[in-house]
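# What the coordinates show
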Amino acid sequence: MKSPHSSESSPIVLHEVIPWGRTLNEYRRMFALSDADLKKRIAGCGDGPASFNAEVTTLGGRVVSIDPIYVLSADDIKLRFEQVYSQIVEGARANLEKYVWTDIASPDEMGERRRRAIEMFLPDYPAGLSEGRYVSASLPDLPFDDGAFELALCSHLLFTYSHLLSTEMHLEAVIEMMRVADETRVFPLLTLNGRPSPHLDPVLDGLRQRGFTAATERVPYEFQAGGNEMLRVTK
Ligand SMILES: C[S@@+](CC[C@H](N)C(=O)[O-])C[C@H]1O[C@@H](n2cnc3c(N)ncnc32)[C@H](O)[C@@H]1O
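Attention in this report is confined to the structure presented alongside it. (Residues numbered from 1 in each chain as written. Predicted model: local features only at pLDDT ≥ 70, side-chain atom pairs only at ≥ 80, totals over all residues. Heavy atoms only, no water.)

## Side note on the pattern of salt bridges
- Per the counting criterion, the structure on display carries 21 salt bridges.
- Here Arg113 and Glu26 are joined by a salt bridge, their closest N and O atoms 3.6 Å apart. Linking Arg113 in helix H4 (residues 107–130) with Glu26 in helix H1 (residues 24–30), this pair joins segments that are 87 residues apart in sequence. No difference in accessibility class separates Arg113 from Glu26, as the two residues are buried.
- Ionic pairing is found between Lys40 and Asp37, a salt bridge with its closest N-O pair at 2.9 Å.
- We classify Lys40 as partly exposed; its relative accessible area is 23%.
- Residue class for Asp37 comes out buried when judged on its relative accessible area of 6%. (Salt bridge = Lys/Arg side-chain N within 4 Å of Asp/Glu carboxyl O. Helix = DSSP H or I, 4+ residues; strand = E, 2+ residues; numbered from the N terminus. Buried < 20%, exposed > 50% of the residue type's maximum accessible area, 1.4 Å probe, protein only.)

Here's what the structure looks like:
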């Protein structure tokens, strides 16, 4: 196991991050996941109330989701979702041009899709906690042995919250995911406001300087306009 992290990079304050989760279908497209990928030992970093773990577990796969939100009870996670629901749907309605309304046709449909995800997550959460499939921890410190996973995924946390997380934290987080997994994929590469993240280039440089292969790659998913690329890192 790794010892506690000693860097000064500031962690996200929980209330600043939206408990807004996506489905397996969306994870498949955000990360260009193949059927073979879904058979790997996967670490879902910052999975929150996504239904990815629940759905993959039902299919016989092996996902461990890691998120500080898992200190909360199911009721509290649901409450926080309800508290932000209208604000996020109305925020999307006020910024229609920032999104691509094809797969998801409207802000209301976006909200309903996120509701379906959390409604699949919640019944799985108690069993998943006791089986160690939902682990309360925070990047850049993952409480797992080196090489415990074949694939680490992180969606809508790194780069999305560029205004809250430093370049150093981004780099440390990806290096930590590469400590516990053979490969890491991060999506999207845009900020919450739909701009290219200022951290991307320094993170790519930092990873390459440390000997990793790091590249951006087009994926078959685009909801934020222009948000159709992931970062893929291998050893
Ligand atoms: C917007 S949600 C995205 C959920 C999921 N990945 C998805 O795309 O559907 C961001 C998640 O990151 C989690 N988070 C915040 N800081 C974190 C950290 N330092 N390490 C891991 N997860 C974190 C939040 O609790 C939240 O559940």
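## Focus: the packing of aromatic side chains
- Summed over all chains, the structure comprises 16 aromatic pairs.
- The interplanar angle of 85° and the centroid separation of 5.2 Å between the aromatic rings of Trp101 and Phe223 together place this pair among those described as edge-to-face. Taken together, the residues Trp101 in the loop between helix H3 (74–93) and H4 and Phe223 in the loop between strand E6 (213–218) and strand E7 (229–234) connect sequence positions 122 residues apart.
- Overall, Phe223 belongs to the buried group, its relative accessible area being 10%.
- Both rings, one in Tyr125 and one in Tyr134, keep their centres 5.6 Å apart while their planes meet at 65°; by these two values the pair is edge-to-face.
- A residue is classified by how much of its surface remains accessible, and Tyr125, at 2% relative accessible area, is buried.
- Residue placement shows Arg115 over the ring face of Tyr85; its charged tip is 4.4 Å from the ring centre. (Phe/Tyr/Trp six-rings, centres within 6.5 Å; stacked < 30°, edge-to-face > 60°. Lys NZ or Arg CZ within 6 Å of the ring centre and 35° of its normal.)

## Quick notes on the packing of helix H5 (residues 167–180) against helix H6 (residues 200–209)
- As a packed pair, H5 and H6 sit with axes 9 Å apart at the nearest point and diverge in direction by 45°. Between H5 and H6, the interaxial angle falls into the category oblique. Handedness of the crossing formed by H5 with H6: right-handed. Seen from H5, the contacting residues are Thr167, His170, Leu171, Val174 and Ile175; seen from H6, they are Pro202, Val203, Gly206 and Leu207.
- Residues belonging to the contact of H5 with H6 are distributed by class as follows: 6 nonpolar, 3 polar and no charged. (Axes fitted to C-alpha atoms, helices over the stretch in contact; angles between N-to-C directions. Parallel < 35°, antiparallel > 145°, perpendicular 65-115°, else oblique. Left-handed = near helix turned anticlockwise from the far one by under 90°. Contact = heavy atoms within 4.5 Å. Nonpolar A, V, L, I, M, F, W, Y, C, P; charged D, E, K, R; others polar.)

## Focus: the sheet that holds strand E5 (residues 181–187)
- Across the sheet, 7 strands lie side by side as E3-E2-E1-E4-E5-E7-E6; this open sheet has mixed pairing. One side of each edge strand has no neighbouring strand; the edge strands of this open sheet are strand E3 (134–135) and E6.
- For strand E4 (residues 149–155) and E5, the ladder comprises 6 bridges, and the chain directions are parallel. The partner of Leu151 across the bridge, within E5, is Glu183.
- Relative to the sheet, H5 contacts strand E1 (41–45), E4, E5 and E7, its axis offset from that of E5 by approximately 145°.
- Against the sheet, H6 contacts E6 and E7, and its axis sits at roughly 140° relative to E6. (Pairing = 2+ DSSP bridges.)

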